[in-house]
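Fold and contact review
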Amino acid sequence: MKAGLITVAAAMAAGVGARGHMHARHNHEALHAERGMANETCVAGCTTIYTTIYGEATLYSPPPPATTSKPAPAPTYPVTVPTPYVTTCPTTGVYTIPETTITITEEVTVCGASSTKATPGTNYAGGVTTVVEHSTTVVCPYATTVVSGGVTTSTISTTSYVCPSAGTYTIAPMTTVAECEKVWVYPTVTSYAPGTYTHTKVIETVTETDYVIFCPYTSSAPAVPAPTYAASPAPTYPASKPKPSKPAYTPSSKPGELGNSGTKWAITYSPFTAGGECKAAADVMVDIEAIAKSGYTSVRIYAAVCSGLVNVGAACEKHGLKMIIGVFIDHTGIGGAASKDVTDIIAWGKWSLVELVVIGNEAIFNHYCTASELAGFISTTKAKFASSGYKGPCTTTEPLDVLQASYGVLCDVVDIMGANIHPYFNPSVKAASAGPFVANQLSLVEALCPGKPAINLETGWPSKGKHTSPEDQITAMKSIADTVGGKSVVLSFFNDLWKDAGDCGCECSFGIEDIVSYF
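About the thresholds
Residues numbered from 1 in each chain as written. Predicted model: local features only at pLDDT ≥ 70, side-chain atom pairs only at ≥ 80, totals over all residues. Heavy atoms only, no water. Helix = DSSP H or I, 4+ residues; strand = E, 2+ residues; numbered from the N terminus. Contact = heavy atoms within 4.5 Å. Core = buried A, V, L, I, M, F, W, Y, C linked by side-chain atoms within 4.5 Å. Buried < 20%, exposed > 50% of the residue type's maximum accessible area, 1.4 Å probe, protein only. Salt bridge = Lys/Arg side-chain N within 4 Å of Asp/Glu carboxyl O. Pairing = 2+ DSSP bridges. Axes fitted to C-alpha atoms, helices over the stretch in contact; angles between N-to-C directions. Disulfide = S-S within 2.5 Å. Expected span 1.5 Å × (residues − 1). Phe/Tyr/Trp six-rings, centres within 6.5 Å; stacked < 30°, edge-to-face > 60°. Lys NZ or Arg CZ within 6 Å of the ring centre and 35° of its normal.

Along the polypeptide, Leu321 turns up in the loop between helix H2 (308-319) and strand S23 (322-327). As for Leu321 and Ala266, which are separated by 55 residues in sequence, their C-alpha atoms are 9.4 Å apart. With sequence-adjacent residues up to four places away left out, Leu321 is seen in contact with Ile288, Ile291, Ala292, Tyr296, Thr297, Val299, Cys316 and Leu353.

Dropping the structure here:
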């Protein structure tokens, strides 16, 4: 089969993996930026109408405005395969789309386009659906998007997905977050058999601006059968299975790797009281001691707020823990709070405690900066830290789909790949499958920058909220620990009661303090 590449204009939304996790924000410091930025802006008084035409149809023709017939604008991508002919009509008028015929001589697979209605909130569509009868690994192509130079291009990639048990799985679905109801156009994997394809002439009266018309091709060619994907046996992870001696996720050895081969490595910590105030140094010391006794060896903090570097640093030093410290980029961009974090970190200078610096936490995802801006900021920040004595690795962290769209500019400036992988926010993942899901996503992250290791910088499962329970949290966290615990940063040891519960009712309930003995 051939793999095609076409540029899809209009409202193409990008998204793969477990996206949609909303961290509530502290009143004064946006340590956990909210996920929920829509890909389009809804403007009051302006409505875009989309029409899909299949074969010959009876068109609804309202009284035409007083205007002359206009030729249809050029399609938004070259018509070299019979993907639906997409036309955007920028103004009102009568548009003529001429008949077009295409002949292909061999089976071809390309990125096609499909559409669906997106409702307010997080929406999922596309992906590859497969049914398995036992635990297995499925290798299949999927459609995704890449942004380069401001141009969104759809493309076909290949992934390996671990199906931990029998069932139906949707692999690599697209994700978009909508502020209001809209039509969402997303890429799909589309195959065409050899044959001649035609779409008929269409005359359309347009009474709205930016009116989009889809004209699919028809053909007498036989339909391409649904593809089958090579599968190989993979281990299952039943709840009753004894804890393995090492995690199921075994990445290739690379210089600069972090983590370990066990079930616990690092955990997040935020130095806030339930009321959102800064904790006293003595309280921080007690908290970090509890973390150390639970078996974790490193603590991740997101920013330098609340004397976090000084108080958490002193506690980690006393109890023999390492630190993952952060430069937090918020709505002020790379020149705001982030610059102050850089200054504070250099002034603090306890580099012997630091095993990783994370420059930005979902900054691209939250539209606080572009991938290119972030790459430049990482490069200059690394140089400043190196000049002040830091010799360790630096990275950033984003959801998987953002990394897949941005790795081209990030790979050269990071020393290790970092992603935030949350199985709870993927509706197809059950608690017992949380570990294999994270392992699968992490393997995709590791493949983005050859030669550079990958780590999961934020993961977890809440005890309260929609579609979960305390028992589910135990099951999920044991699965994650047994599978990728040594390569994952857990959110979090204590419940973050200073956060709002959020739409999921879960944001303040990720703490594992009461269940850590289970894994």
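Picking up where we left off.
The next subject is the nonpolar core. Counting 98 residues, the largest nonpolar core has Ile288, Ile291, Ile325, Val357 and Ile512 as its most contacted members. Once residues lying within four places of it in the same chain are set aside, the contact partners of Val357 are Ile325, Val327, Trp351, Phe385, Tyr390, Pro393, Cys394 and Thr395. Trp265, Ala266, Leu356 and Ile455 belong to the second-largest nonpolar core, a separate cluster that totals 10 residues.

Moving on, we get to the pattern of salt bridges. Throughout the structure, instances matching the rule amount to 7 salt bridges. The partner of Lys340 in a salt bridge is Asp344, and the shortest N-O contact between them spans 2.8 Å. Residue Lys340 and its partner Asp344 are both found in helix H3 (residues 337-348); the two are separated by 4 residues, about one turn of the helix. Classification of Asp344 as partly exposed rests on a relative accessible area of 24%. Two residues, Lys478 and Asp482, come together in a salt bridge whose shortest N-O distance is 2.9 Å. Here Asp482 and Lys478 lie together in helix H7 (residues 470-484), a separation of 4 residues that amounts to about one turn. Accessibility expressed as a relative area gives 22% for Lys478, which makes it partly exposed. Since its relative accessible area comes to 9%, Asp482 is described here as buried.

Pairing within the closed barrel is parallel, and its 8 strands lie in the order S21-S22-S23-S24-S25-S26-S27-S28. The sheet shows a mean angle of 25° between the axes of neighbouring strands, taken without regard to direction. Against the sheet, helix H5 (residues 400-410) touches strand S25 (394-398) and strand S26 (417-420), its axis set at about 145° to S25.

Let us look at the state of the cysteines. In this structure the tally under the stated criterion is 3 disulfides. Here Cys504 pairs with Cys506 through a disulfide, and the sulfurs are 2.0 Å apart. Handedness here is read from the sign of the S-S torsion; for Cys504 and Cys506, about -80°, the answer is left-handed. As far as the burial class goes, Cys504 and Cys506 line up, both buried. Cys508 forms no disulfide, and the closest cysteine sulfur to it belongs to Cys506, at a distance of 8.1 Å. A relative accessible area of 16% places Cys508 in the buried class.

Now for H7. Across its 15 residues, H7 extends 21 Å between first and last C-alpha, which sits within 8% of the 21 Å expected from 1.5 Å per residue. Along H7, the residues classified as buried are Gln473, Ala476, Met477, Ser479, Ile480, Ala481, Asp482, Thr483 and Val484.

Right, let's talk about the packing of aromatic side chains for a bit. As enumerated under the stated definition, the model contains 8 aromatic pairs in all. Relative to Trp498, the ring of Phe272 lies with its centre 4.7 Å away and its plane at 70°, an arrangement referred to as edge-to-face. Taken together, the residues Phe272 in the loop between strand S21 (266-268) and helix H1 (281-293) and Trp498 in the segment after strand S28 (488-490) connect sequence positions 226 residues apart. Neither residue differs from the other here; Phe272 and Trp498 are each classed as buried. Across the ring face of Phe494, the terminal group of Lys279 is positioned such that the distance to the ring centre comes to 5.5 Å.

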